[in-house]
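# A closer look at the structure
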Amino acid sequence: MSGLQIPPPRTTLHLYRHLLREASYLPPAVKPFFWDRIRTRFRLHQGDAEPRARVQKAHKDLRYLRSANAGHLLRMRRVLMMGFGRAGRRRRELISALIQKTESRPAEADNRPGSAATGELAGPADDDVFWHDWLSHWDKAKVLALAKAQALVDLPETSLPTGRFADPHKQVPTENIWGKPLAKKLARSKLRKEYKAVIKRLLPPVEDAEWELLRSLATGQAGPQYDAPKRRTVATSEGARGGSWGWESYVLKPVRAADADRHAPYHEPVMETAVR
């Protein structure tokens, strides 16, 4: 790879092909994600009136993929995290699917704190009935349950909330610096900030098939179809390989005649015996 000198792409279509070619050398487990991502983004923005910024970003991404395929461990780690939804756009999509609130049953709605059936008043910051912000559409119970489960796992060099999880509702103070009750709007803002901090450290779950694939890759049972592909060798001429290609005939004869002599069928010479 160090001796491979690839000319820079001149057009957007050339750049698009370079990106697809470089993505073909990624590990097979994440290759489909990047292929789909490259094709989708190119088709979505191929009619932009001012594509200069996106073309510059694509050149940067091409250099990033080449560096990862060349052996840059940190960049390859980033590529794998993006492919498996640990970072980047796919992680945001998995998080969006995780926080979607499901419709609760009527019995659960009547028994929750702050409902009319219990006769209790909800807190100023955690009752979604009186608020119409993005946090009111989250399934906060699911988010907190997953955060608590991941906090029990101790893995190095991960973004897991190990030992750092705290209930966002308990982090919101009840009084301000003057000892008076905290305003409801300010308490709600602080609660949103705490939930953002939890989401940033959360690793969203993946599908069962992808989880089994990760397990097989980690245990070495995935099979040879998931081995890293080898890069094609650089095409060289016969002269560069050290062979003799008969350049004299191309100098002394027309090209058609030289090619005919070169590709003529080989006949083994017949040894003539002298008649005595």
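Attention in this report is confined to the structure presented alongside it. All values derive from a computational prediction rather than experimental measurement.

Turning to the packing of helix α3 (residues 52–69) against helix α4 (residues 73–83), a few remarks are in order. Direction vectors running N to C along α3 and α4 enclose 110 degrees, while the axes themselves pass 7 Å from each other. In terms of their interaxial angle, α3 and α4 are classed as roughly perpendicular. Where α3 crosses over α4, the handedness of that crossing is left-handed. Here R63, Y64, L65, S67, A68 and N69 of α3 come into contact with α4, specifically with R75, M76, R78 and V79.

Looking now at the pattern of salt bridges. In this structure the tally under the stated criterion is 10 salt bridges. R66 is paired through a salt bridge with E22; the nearest N and O atoms lie 3.8 Å apart. A residue pair is termed long-range when its members are at least 10 positions apart, and R66 in helix α3 and E22 in helix α1 (residues 12–23) qualify at 44 residues. The exposure class of E22 is buried, given its relative accessible area of 3%. When the shortest N-O distance is used, the salt bridge between D139 and K142 registers 3.9 Å. Salt bridges sharing common partners tie together E22, R66 and R231.

This paragraph deals with the nonpolar core. If you look at the biggest cluster of nonpolar residues, it comprises 17 residues, and the most contacted ones within it are I99, W138, V143, Y195, I199 and L202. Listing elements by their share of this core, those giving two or more residues are α5 (88–98), α7 (140–151) and α9 (184–200). Examining the composition of this core, we find that five residues originate from one element, α9, more than from any other. With residues near it in sequence (within four places) discarded, W138 still touches I99, K101, Y195 and I199. In this structure, Y16, A23, A58 and A68 belong to the second largest nonpolar core, which totals 15 residues.

Looking now at the packing of aromatic side chains. Counted by the stated rule, this structure contains four aromatic pairs. Plain terms: the ring middles of F33 and F34 are 5.1 Å apart, the flat faces sit at 80 degrees to each other, and that makes the pair edge-to-face. Exposure remark for F33: the relative accessible area of 22% places this residue in the partly exposed category. Residue classification places F34 among the buried residues on the basis of a relative accessible area of 9%. An aromatic cluster of three or more residues is present, and its members are W134, W138 and Y195. Between the NZ or CZ atom of K31 and the centre of the ring of W35, over which it lies, the distance is 5.7 Å. Against the face of Y25 rests R231, its NZ or CZ located 4.2 Å from the ring centre.

Spacing of three or four residues puts side chains on the same side of an α-helix, whose turn is 3.6 residues. Among all positions in α5, only R90, R91, L94, I95 and L98 are buried. On an axial view of α5, the arc spanned by its buried residues comes to 140 degrees, and they lie on one face. Among the exposed residues of α5, those pointing more than 90 degrees away from its buried face are R92 and A97. Buried residues belonging to α5 abut α2 (31–45), α4, α7, α9 and α10 (208–219).

With that settled, the discussion passes to the packing of α7 against α9. Where α7 contacts α9, the two axes come as close as 10 Å, and the packing angle between them is 50 degrees. Taken as axis vectors, α7 and α9 run oblique relative to one another. Crossing handedness for the pair α7 and α9: left-handed. Two secondary-structure elements touch here, α7 through K140, V143, L144 and A147 and α9 through Y195, V198 and I199. Partitioned by chemical class, the residues of the contact of α7 with α9 number six nonpolar, no polar and one charged.

Its 12 residues place the ends of α7 16 Å apart at the C-alpha level, agreeing with the 16 Å of an ideal helix rising 1.5 Å per residue. Buried within α7 we find K140, V143, L144, L146, A147, Q150 and A151. Seen from one end, α7 has its buried residues packed into an arc of 165 degrees, which puts them on one side. Where α7 is buried, its residues contact α5, α8 (168–171) and α9.

Each value, and the rule that gives it
Residues numbered from 1 in each chain as written. Predicted model: local features only at pLDDT ≥ 70, side-chain atom pairs only at ≥ 80, totals over all residues. Heavy atoms only, no water. Axes fitted to C-alpha atoms, helices over the stretch in contact; angles between N-to-C directions. Helix = DSSP H or I, 4+ residues; strand = E, 2+ residues; numbered from the N terminus. Parallel < 35°, antiparallel > 145°, perpendicular 65-115°, else oblique. Left-handed = near helix turned anticlockwise from the far one by under 90°. Contact = heavy atoms within 4.5 Å. Salt bridge = Lys/Arg side-chain N within 4 Å of Asp/Glu carboxyl O. Buried < 20%, exposed > 50% of the residue type's maximum accessible area, 1.4 Å probe, protein only. Core = buried A, V, L, I, M, F, W, Y, C linked by side-chain atoms within 4.5 Å. Phe/Tyr/Trp six-rings, centres within 6.5 Å; stacked < 30°, edge-to-face > 60°. Lys NZ or Arg CZ within 6 Å of the ring centre and 35° of its normal. Arc of directions from axis to C-beta. Nonpolar A, V, L, I, M, F, W, Y, C, P; charged D, E, K, R; others polar. Expected span 1.5 Å × (residues − 1).

The analysis is restricted to geometry; functional conclusions fall outside its scope.
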